[in-house]
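Understanding the architecture of this molecule
Residues per chain, in single letters:
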Amino acid sequence: MGYFDEEKNVEEYIRIAEGYDGRELIEVLKKYLPEDSSVLELGMGPGKDLEILSETFQVTGSDNSLAFLDRYKTKNKTVDLLLLNAVEMNIKKKFDGIYSNKVLHHLSKEELKKSLIRQAAVLNKNGILFHSFWYGDKEEEYSGLRFTYYTEKTFLTMPRTEYELLEIQSYSEMEKDDSLYIVLRKN
Ligand SMILES: C[S@@+](CC[C@H](N)C(=O)[O-])C[C@H]1O[C@@H](n2cnc3c(N)ncnc32)[C@H](O)[C@@H]1O
């Protein structure tokens, strides 16, 4: 059972994330993806970013936590939702964009490599990836939950043969320059 499969951890996350959303990150994504493009969100959690994405794009939400998905389904019955592990990316449908906000830092570096390869298979040609991470150069574990931090330099060691790097940028979420986002285009 994963950390976010437990209702109490889901509630605790929602409490901590109160007042934060990815609206500014989604503005960056909008520079690269035309309106009405299809976008898959990985690790949607409470679904705040999914709602912002849906103002512009045709969205599919996903998470590997049923607790988060079930909670979201009770307030929005029409949205397209999937139980999906970001490492395996076991999905046949293809998308113009894949977005995540503070999700892929829960993967090990090896898992992130695998995920990026799998994501290329799920993207249409010239499709866009947008992902955010916590900024730093360390790996930690709290209550069985992994945190892998990236800097521009360490992220650039990831194999990117299938992608062109469009942007890599530090930004501030809770503290100054505590975060990093990357934008990649599938070749
Ligand atoms: C820190 S929360 C971020 C949630 C949301 N993106 C937000 O910005 O509020 C991390 C989310 O990633 C999900 N997650 C963690 N590992 C995952 C994996 N391997 N595949 C899919 N989702 C994962 C968790 O269930 C949780 O919803």
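**Details of the overall build of the protein**
Helix and strand counts for the protein come out as 6 helices and 9 strands. For the protein, the C-alpha radius of gyration of 15 Å lies close to 16 Å, the compact-globule estimate for 187 residues. Sorting the 187 residues of the protein into buried and exposed places 49% on the buried side. In the protein, the share of contacts with a sequence separation of at least 24, taken over all contacts with a separation of at least 6, comes to 62%. Of the roughly 9600 Å² of accessible surface on the protein, 47% is carried by carbon and sulfur atoms. Seen as two clouds, the 26 positive and the 34 negative side-chain charges of the protein have centres 5 Å apart.

**A few points about the site of the ligand**
Looking at the ligand, there are 19 residues lining it, with Tyr13, Gly43, Asp63, Ala86 and Asn101 nearest. The separation between a nitrogen atom of the ligand and a polar main-chain atom of Gly43 is 2.8 Å. In this structure, Asn101 approaches the ligand through a main-chain N or O atom, which is 2.9 Å from a nitrogen atom. For the shell around the ligand, the per-class residue count stands at 9 nonpolar, 7 polar and 3 charged.

**Observations regarding the pairing of strand β5 (residues 123–134)**
Within β5, 9 of the 12 residues are buried, leaving the element largely enclosed by the surrounding structure. Where strand β4 (residues 95–101) meets β5, 6 bridges bridge the pair, whose relative direction is parallel. Along β5, the bridge assignment pairs Gly97 with Ile128. After leaving β4, the chain enters helix α5 (residues 109–122) and then returns to the sheet as β5, a path that is right-handed. Relative to strand β9 (residues 179–186), β5 runs antiparallel, the two being bridged by 7 bridges. What sits directly across from Phe130, in β9, is Val183.

**Here's the deal with a nonpolar patch on the surface**
Among the surface-exposed residues, Ile16, Tyr20 and Met174 lie close enough to one another that they form a single nonpolar patch of about 260 Å² accessible area. Along the chain, the position of Met174 falls in the loop between β8 (163–171) and β9. Overall, Met174 belongs to the partly exposed group, its relative accessible area being 43%.

**Describing the side chain of Ser38**
Here Ser38 lies in strand β1 (residues 38–41). A relative accessible area of 16% means that Ser38 is categorised as buried. Residues within four places of Ser38 in sequence aside, it is in contact with Gln58, Lys94, Phe95, Asp96 and Gly97.

**Details of the nonpolar core**
If you look at the biggest cluster of nonpolar residues, it comprises 26 residues, and the most contacted ones within it are Leu40, Leu42, Ile98, Leu104, Leu112 and Phe155. Among the secondary structure elements, those contributing two or more residues to this core are β4, α5, β5 and β9. At 4 residues, α5 tops the list of elements feeding residues into this core. For Phe155, the residues in contact, after removing those within four places along its chain, are Leu112, Leu116, Phe133, Tyr150, Arg160, Ile168, Leu180, Ile182 and Leu184. Counting 21 residues, the second-largest nonpolar core is a separate cluster that includes Tyr72, Ile128, Phe130 and Tyr181.

Definitions and cut-offs
Within any chain, residue numbers begin from 1 and follow the written order of that chain's sequence. Only residues with pLDDT of at least 70 get local features here, since the model is predicted, and only at 80 or more are side-chain atom pairs given and counted; chain-wide, interface and lining totals rely on the full set of residues. Excluded from the side-chain calculations are hydrogens and water; all other atoms, namely the structure's heavy atoms, are used. The helix and strand labels rest on DSSP assignments: H or I over at least four residues marks a helix, E over at least two residues marks a strand, and numbering proceeds from the N terminus. To get the radius of gyration, use the C-alpha atoms; to get the globule rule, take the number of residues to the power 0.38 and multiply by 2.2 Å. We call a residue buried when its accessible area falls under 20% of the maximum for its residue type, exposed when it is over 50%, and partly exposed in between, using a 1.4 Å probe and counting protein chains only. By the convention used here, residues are in contact when the closest approach between their heavy atoms is within 4.5 Å. Using a 1.4 Å probe, accessible areas were evaluated by the Shrake-Rupley method; residue-level cover was limited to the displayed protein chains. Just so you know, the count uses Lys and Arg for positive and Asp and Glu for negative, and it drops His and the chain ends. For charged residues, the charge sits on one atom: NZ in Lys, CZ in Arg, CG in Asp, CD in Glu. For each residue, the test is whether any non-hydrogen atom lies within 4 Å of the molecule or strand; if one does, the residue is near. N or O atoms closer than or at 3.5 Å make up a polar contact, with two conditions inside protein: a donor-capable atom paired with an acceptor-capable one, and, for residues adjacent in sequence, both atoms drawn from side chains. Following the grouping adopted for this structure description, the nonpolar residues are Ala, Val, Leu, Ile, Met, Phe, Trp, Tyr, Cys and Pro, the charged ones are Asp, Glu, Lys and Arg, and the polar ones are all others, Gly among them. Pairing between two strands requires that DSSP report at least two bridges joining them. By convention, a crossover is right-handed whenever its connection, traced from the first strand over the helix to the second and viewed with the strands pointing away, goes clockwise. Patches draw on residues past 30% relative accessible area with no salt bridge. Two like charges within 9 Å are joined, as are two nonpolar side chains (Val, Leu, Ile, Met, Phe, Trp, Tyr) within 5 Å. For this document, the term salt bridge refers to a Lys or Arg side-chain nitrogen within 4 Å of an Asp or Glu carboxyl oxygen. To form a nonpolar core, buried Ala, Val, Leu, Ile, Met, Phe, Trp, Tyr and Cys residues must be joined to one another through side-chain atoms within 4.5 Å.

All quantities given are derived from atomic positions and should not be read as evidence of function.
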